[in-house]
Amino acid sequence: MTTTITPVIAGNWKMNGSRASLSELQELAALLTTGDAPRAMVIICPPATMLHAVASQGSTSGILAGGQDCHAQAAGAHTGDLSAGMLADAGAQYVIVGHSERRADHGETDPAIRAKAEAAMGAGLKPIICIGETESQRDSGHAEAVVAGQLAASVPDAAGQHDVIIAYEPVWAIGTGRTPTNDEIARMHDRIRALLVERFGDKGATTPILYGGSIKPQNAREILAIENVNGGLVGGASLLAKDFYTIISAV
Ligand code: 13P
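Conventions adopted
Residues numbered from 1 in each chain as written. Predicted model: local features only at pLDDT ≥ 70, side-chain atom pairs only at ≥ 80, totals over all residues. Heavy atoms only, no water. Near = heavy atom within 4 Å. Polar contact = N/O pair within 3.5 Å; in protein donor to acceptor, adjacent residues only side chain to side chain. Areas by Shrake-Rupley, 256 points an atom, 1.4 Å probe, with all protein chains shown as cover. Nonpolar A, V, L, I, M, F, W, Y, C, P; charged D, E, K, R; others polar. Salt bridge = Lys/Arg side-chain N within 4 Å of Asp/Glu carboxyl O. Buried < 20%, exposed > 50% of the residue type's maximum accessible area, 1.4 Å probe, protein only. Helix = DSSP H or I, 4+ residues; strand = E, 2+ residues; numbered from the N terminus. Expected span 1.5 Å × (residues − 1). Contact = heavy atoms within 4.5 Å. Core = buried A, V, L, I, M, F, W, Y, C linked by side-chain atoms within 4.5 Å.

### Thoughts on the site of the ligand
Residues in contact with the ligand amount to 13 residues; listed here are only the nearest, K14, H99, E169, G175 and S214. The contact in question runs from an oxygen atom of the ligand to an N or O atom on the side chain of N12, over 3.0 Å. For the ligand, an oxygen atom lies 2.8 Å from a polar atom in the backbone of G236. Taken by itself the ligand offers 310 Å² of open surface, and the protein chains cover 97% of this. Split by residue class, the shell around the ligand holds 4 nonpolar, 7 polar and 2 charged.

What follows is the structure, encoded as structure tokens:
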């Protein structure tokens, strides 16, 4: 892990959780305040219904809140959508954009994701921009090209001046219990770092690159120790306070 970048551990609760899940947040807060001070910045991205509660209850223990998606427009006739400004108003400081589940379920394209990331920055949020190849793209030897293409097209030029986070999440590793080998993770993160530096210079050298896809308490330590892995974006294992705390402590 690059020492000049503060590691980030972000939990993506996806479409899970209700007010009852706030007990997990309280348990996590207790673990974070009684245990050794975490080396990582801790973010939880709950469903939007719980964003305000997570933001206000998490703040006392340093847990930051993020949305899981935002609309590219600031306001208007977009039934069911939320703007980045609304997420900020609810207490979010981050927002995930371009998660592969949104790319797949909602047909989100790189230009649409770029527009969302721009909207997020405009509202004062830090976007967590997700990229990652499918299994068939990896099997056919195109993983690096796909990821490079997504990075080029979904990260706005303004990322040269604003803080953004990149999350590399191979689609086939999400929720499957399968992960790339450490070498494969290292190679992809090195490539992403090189592309960020090429495009954004010093800013690209300090942009956190998170790994996501089946991070568990059992594998967190070795994955998070890989060069240019500056933290993790955690799905399933972020739902239970003890598991998530173990991953945070692995940094
Ligand atoms: P899992 O940790 O459940 O594999 O999910 C990863 C993910 O998609 C986080 O955004």
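### Considering the pattern of salt bridges
Two side chains carrying opposite charge are able to pair once their charged atoms lie near each other. Across all of its chains, the model carries 14 salt bridges by this definition. The partner of R103 in a salt bridge is D110, and the shortest N-O contact between them spans 2.6 Å. Overall, R103 belongs to the buried group, its relative accessible area being 16%. Judged by relative accessible area, D110 falls into the buried class, the value being 18%. Look at the salt bridges and you will find they share partners, linking D69, R102, E108 and K116 into a network.

### Regarding the side chain of N228
Position of N228 among the secondary structure elements: in the loop between α10 (220–224) and β8 (231–234). The exposure class of N228 is buried, given its relative accessible area of 9%. At a separation of 2.9 Å, a polar atom in the side chain of N228 contacts the side chain of D190.

### A few points about helix α5 (residues 110–122)
Counted at 1.5 Å a residue, the expected span for α5 with its 13 residues is 18 Å, and the 18 Å between its end C-alpha atoms agrees. Within the sequence span of α5, burial applies to D110, I113, K116, A117, A119, A120 and M121. Contact partners of the buried residues in α5: α3 (84–89), β4 (94–97), α4 (100–106), β5 (126–131) and α7 (143–154). Among the residues trailing α5, G124 stands out with phi positive, at a value near 85°.

### Considering the nonpolar core
Counting residues in each nonpolar core, the largest one holds 65 residues, and the members touching the most others are I9, L28, I166 and I192. Take this core: its biggest share by element is 7 residues, from helix α8 (residues 182–200). Residues in contact with I166, not counting those within four places in the same chain, are I129, I131, L151, V155, I192, L196, T207, P208, I209 and L210. Ranked by size, the runner-up nonpolar core spans 13 residues in total, among them Y94, I128, C130 and L210.

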